[in-house]
Amino acid sequence: MNASATSISEQAAGVGSAWWQWLVRPDPFADAWECAYENYAIFIVLFTAAHLMLYVEPHRSFFTPFKFNKNYPESNLIVKEIGRSLRGVAICTAYDAVVNAR
């Protein structure tokens, strides 16, 4: 372990250390399921927050002036995009599992 990694881990010893260890993982995942669990947890939280802010009232009306296309997509297109995003997370998780295989 180099000196800079030690100083970063020492800085993480303060408040929020558990969050720091979860976000900045020094070691690869133990198995692919752990990686998938974390990747999908992050995806669900971020995608849900973005969807609620951009497509659900009352937040929707706040962001409408900033849109180039004032029309909102149909629900079947949103479902298709969710499927594409989930597939992308699966591909990246599989790639991570292959790269970090022990």
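Everything quoted here is computed from the prediction, not taken from an experiment.

1. Quick notes on the packing of aromatic side chains
Tallied over the entire structure, the rule returns 4 aromatic pairs. Here the aromatic rings of Phe-62 and Phe-63 are separated by 5.0 Å at their centres, their planes lie at 85°, and the arrangement is edge-to-face. With a centroid separation of 6.2 Å and an interplanar angle of 65°, the aromatic rings of Phe-62 and Phe-66 are classed as edge-to-face. The class for Phe-62 is exposed, based on a relative accessible area of 56%.

2. A short note on helix α3 (residues 32-55)
Across its 24 residues, α3 extends 33 Å between first and last C-alpha, which sits within 8% of the 34 Å expected from 1.5 Å per residue. Where α3 is concerned, the buried positions are Cys-35, Ala-36, Glu-38 and Phe-43.

3. Description of the confidence of the model for the chain
Mean pLDDT for the chain: 80, with 77% of residues reaching 70 or above. Looking over the chain, one finds the lowest element-wise mean pLDDT in helix α1 (residues 3-11), namely 53, and the highest in helix α5 (residues 75-99), namely 93.

4. Digging into the pattern of salt bridges
What the rule picks out here adds up to 1 salt bridge. Arg-84 serves as the salt-bridge partner of Glu-81, at 3.8 Å between the closest nitrogen and oxygen. Pair noted here: Glu-81 and Arg-84 are both in helix α5, with a separation of 3 residues, about one helical turn. With relative accessibility at 43%, the residue Arg-84 sits in the partly exposed group.

5. So, the environment of Thr-93
Within the secondary structure layout, Thr-93 lies in helix α5. Between the C-alpha atom of Thr-93 and that of Glu-38, which follows or precedes it by 55 residues, the distance is 9.5 Å. Looking at Thr-93, its side chain comes within polar contact range of the side chain of Asn-39, at 2.9 Å.

6. A look at the state of the cysteines
Taken as a whole and assessed by the stated rule, the structure comprises 0 disulfides. Between Cys-35, a free cysteine, and Cys-92, which holds the nearest cysteine sulfur, the sulfur-to-sulfur gap is 9.5 Å. By relative accessible area, Cys-35 is classed as buried at 1%.

Rules of the game
Residues numbered from 1 in each chain as written. Predicted model: local features only at pLDDT ≥ 70, side-chain atom pairs only at ≥ 80, totals over all residues. Heavy atoms only, no water. Phe/Tyr/Trp six-rings, centres within 6.5 Å; stacked < 30°, edge-to-face > 60°. Buried < 20%, exposed > 50% of the residue type's maximum accessible area, 1.4 Å probe, protein only. Helix = DSSP H or I, 4+ residues; strand = E, 2+ residues; numbered from the N terminus. Expected span 1.5 Å × (residues − 1). pLDDT = per-residue confidence, 0-100. Salt bridge = Lys/Arg side-chain N within 4 Å of Asp/Glu carboxyl O. Polar contact = N/O pair within 3.5 Å; in protein donor to acceptor, adjacent residues only side chain to side chain. Disulfide = S-S within 2.5 Å.

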